[in-house]
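Observations on the model geometry
Read off the chains here:
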Amino acid sequence: MMYPYVTFSDDTEITHSEMLPDGRVKVYIETPDIKDGFHNAICYLPDYTWEDINGYTDAEINYFKEFVRNNAHLLIEFSQKGGILNASNF
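Presented here is an overview of the structure given in this document. All figures in this text were calculated on a predicted structure; none of them were measured in a lab.

Rules and cut-offs
Residues numbered from 1 in each chain as written. Predicted model: local features only at pLDDT ≥ 70, side-chain atom pairs only at ≥ 80, totals over all residues. Heavy atoms only, no water. Salt bridge = Lys/Arg side-chain N within 4 Å of Asp/Glu carboxyl O. Helix = DSSP H or I, 4+ residues; strand = E, 2+ residues; numbered from the N terminus. Buried < 20%, exposed > 50% of the residue type's maximum accessible area, 1.4 Å probe, protein only. Phe/Tyr/Trp six-rings, centres within 6.5 Å; stacked < 30°, edge-to-face > 60°. Lys NZ or Arg CZ within 6 Å of the ring centre and 35° of its normal. Core = buried A, V, L, I, M, F, W, Y, C linked by side-chain atoms within 4.5 Å. Contact = heavy atoms within 4.5 Å.

**Thoughts on the pattern of salt bridges**
- Evaluation of the coordinates by the stated rule reveals three salt bridges.
- Residues Asp 47 and Arg 24 are paired through a salt bridge, measuring 3.9 Å at the closest nitrogen-oxygen approach. With a gap of 23 residues between them, Asp 47 in the loop between β4 (37-45) and β5 (49-54) and Arg 24 in the loop between β2 (13-17) and β3 (25-33) connect regions that are remote in the sequence.
- Using a relative accessible area of 24% as the deciding quantity, one classes Arg 24 as partly exposed.
- Each member of the salt-bridge network shares a partner with another, and the members are Asp 22, Arg 24 and Asp 47.

Given below as structure tokens:
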């Protein structure tokens, strides 16, 4: 199951999985693109393993790497509580 985390003004969405059996959390980043359809990337926490990076520039990936690092503690916490909406009791 994937849970929404944030949507940016350019419609980039960041979602995350529940905590996986191996203790990791999958973070999925996706941005709609008129030419390519979607740009996307996957990061696994807590080891920050990146894979399947498609369509993003180096500058964009560096921004996402910093964003994920700055939010990793929340993403890991929310992965154990059914996402941000369940964790916040909304």
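Moving on, there is more to tell.
**Focus on the packing of aromatic side chains**
- Summed over all chains, the structure comprises seven aromatic pairs.
- When the centroid spacing of 6.2 Å and the interplanar angle of 70° are considered together, the rings of Phe 8 and Tyr 63 count as edge-to-face. Within this pair, whereas Phe 8 is found in the loop between β1 (2-7) and β2, its partner Tyr 63 is found in helix α1 (residues 58-79), the two being separated by 55 residues in sequence.
- Relative accessible area serves as the criterion here: at 44%, Tyr 63 is assigned to the partly exposed category.
- Pairwise contacts between aromatic rings join Tyr 5, Phe 8, Tyr 56, Tyr 63, Phe 64, Phe 67 and Phe 78 into one cluster.
- Stacked on the ring of Tyr 48, the Lys or Arg Arg 69 has its end atom at 3.9 Å from the ring centre.

**Quick notes on the nonpolar core**
- Residues Ile 14, Val 27, Ile 29, Leu 45, Trp 50, Phe 64 and Val 68 are the most contacted members of the largest nonpolar core, which totals 18 residues.
- At the level of elements, β3, β4 and α1 are the ones that each hand at least two residues to this core.
- With seven residues, α1 is the largest single contributor of residues to this core.
- The contact partners of Trp 50, leaving out residues within four places of it in the chain, are Ile 29, Ala 41, Ile 42, Cys 43, Phe 64, Lys 65 and Val 68.

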